[in-house]
Amino acid sequence: MKTAQVETPFGSLVLSEENGALTSLAWGKNNEGTSAPTPLLAQAIHQLQDYFAGKRQSFDLPLNPTGTAFQKKVWENLSAIPYGETRRYGDVARAIKSAPRAVGMGCGQNPLPILIPCHRVVASDGTLGGYSGGEGLETKAGLLDLEQHRL
């Protein structure tokens, strides 16, 4: 597995690539040292930098997240949520014939946050719900704010 780090307004992100696809995006420092990123990792870094600069609204990268069939169904649905929009956990649950709590669990297990935009899913009352990346709800609010003000 190859990794690369990118600095963002929400902290350091470590991207992982395996077999020509991105497999994870995690908050934190790359403790394995730095080396020249692969072409795919370099492309991912560039696209993330453009996203944070307000120049990109979608990602065009090969993704291969590891998860159960149910989790992959959740992540596929999340990937269809347009930039700058949100859906409620219940909306996603109805779309995949599941329960909101199960969707929340699927969001929490997303290995490619931002690229698979789990931050765009909110609670039924419009509050943020939860977020497992970065600084939690502060990061989720920041990502949503970035998208609302960059359209």
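No experiment lies behind these values; they were computed from the predicted model shown.

(A) Molecular detail of the overall build of the chain. A tally of regular secondary structure across the chain gives five helices and five strands. Each helix and strand of the chain, placed in order from N terminus to C terminus, yields the pattern β-β-β-α-α-β-α-α-β-α. Radius of gyration (C-alpha) of the chain: 15 Å, near the 15 Å computed for a compact globule of 151 residues. When the backbone C-alpha atoms are referred to their principal axes, the chain occupies close to 45 × 35 × 25 Å. Expressed as a percentage of the 151 residues in the chain, the buried residues total 44%. Considering only contacts within the chain whose residues lie at least 6 apart along the sequence, 57% involve residues at least 24 apart. As displayed, the chain offers around 7900 Å² of accessible surface, 49% of which is attributable to carbon and sulfur atoms. Counting 14 positive and 14 negative side-chain charges, the chain places the centres of these two groups 6 Å from one another.

(B) Fine view of the pattern of salt bridges. What the rule picks out here adds up to four salt bridges. For the salt bridge of Glu85 with Arg87, the shortest nitrogen-to-oxygen distance reads 3.1 Å. Residue Arg94 pairs with Asp91 through a salt bridge whose shortest N-O separation is 2.7 Å. Of the two residues, Arg94 and Asp91 both sit in helix α3 (residues 89–96), three residues apart, roughly one turn of that helix.

(C) Fine view of helix α2 (residues 69–79). Residues of α2 that are buried include every one of Gln71, Val74, Trp75 and Leu78, and no others. Taken around the axis of α2, the buried residues stretch over an arc of 95 degrees, which confines them to a single face. More than 90 degrees from the buried face of α2, the exposed residues found are Ala69 and Glu76. Summarising the contacts, the buried residues of α2 are in contact with α3, α4 (100–108) and β5 (121–122).

(D) Examining the packing of α3 against α4 more closely. Between α3 and α4, the least distance of the axes is 8 Å, while the angle of their chain directions is 100 degrees. In this view, α3 runs roughly perpendicular relative to α4, as classed from their interaxial angle. Within the contact between the two elements, α3 uses Tyr89, Gly90, Val92, Ala93 and Ile96 and α4 uses Pro100, Val103, Gly104 and Cys107. Split by residue class, the contact of α3 with α4 holds seven nonpolar, two polar and no charged.

(E) The pairing of strand β1 (residues 2–8), seen in detail. Taken together, the seven bridges between β1 and strand β2 (residues 11–18) define a ladder with antiparallel strand orientation. Bridging across to β2, Val6 finds its partner in Leu13. Counted along the chain from β1 to the antiparallel partner β2, the turn is two residues long.

(F) Representation of the packing of α2 against α4. Two elements in contact, α2 and α4, have axes whose closest approach is 9 Å; the angle formed by their N-to-C orientations is 85 degrees. The angle between α2 and α4 places the two elements in the roughly perpendicular class. Across from Phe70, Val74, Trp75 and Leu78 in α2, the residues of α4 making contact are Ala102, Val103, Gly106 and Cys107. Per-class residue counts for the contact of α2 with α4 are seven nonpolar, one polar and no charged.

Quick notes on the rules
- Residues numbered from 1 in each chain as written.
- Predicted model: local features only at pLDDT ≥ 70, side-chain atom pairs only at ≥ 80, totals over all residues.
- Heavy atoms only, no water.
- Helix = DSSP H or I, 4+ residues; strand = E, 2+ residues; numbered from the N terminus.
- Rg over C-alpha atoms; globule rule 2.2 N^0.38 Å.
- Buried < 20%, exposed > 50% of the residue type's maximum accessible area, 1.4 Å probe, protein only.
- Contact = heavy atoms within 4.5 Å.
- Areas by Shrake-Rupley, 256 points an atom, 1.4 Å probe, with all protein chains shown as cover.
- Lys, Arg positive; Asp, Glu negative; His and termini not counted.
- Charge placed at Lys NZ, Arg CZ, Asp CG, Glu CD.
- Salt bridge = Lys/Arg side-chain N within 4 Å of Asp/Glu carboxyl O.
- Arc of directions from axis to C-beta.
- Axes fitted to C-alpha atoms, helices over the stretch in contact; angles between N-to-C directions.
- Parallel < 35°, antiparallel > 145°, perpendicular 65-115°, else oblique.
- Nonpolar A, V, L, I, M, F, W, Y, C, P; charged D, E, K, R; others polar.
- Pairing = 2+ DSSP bridges.

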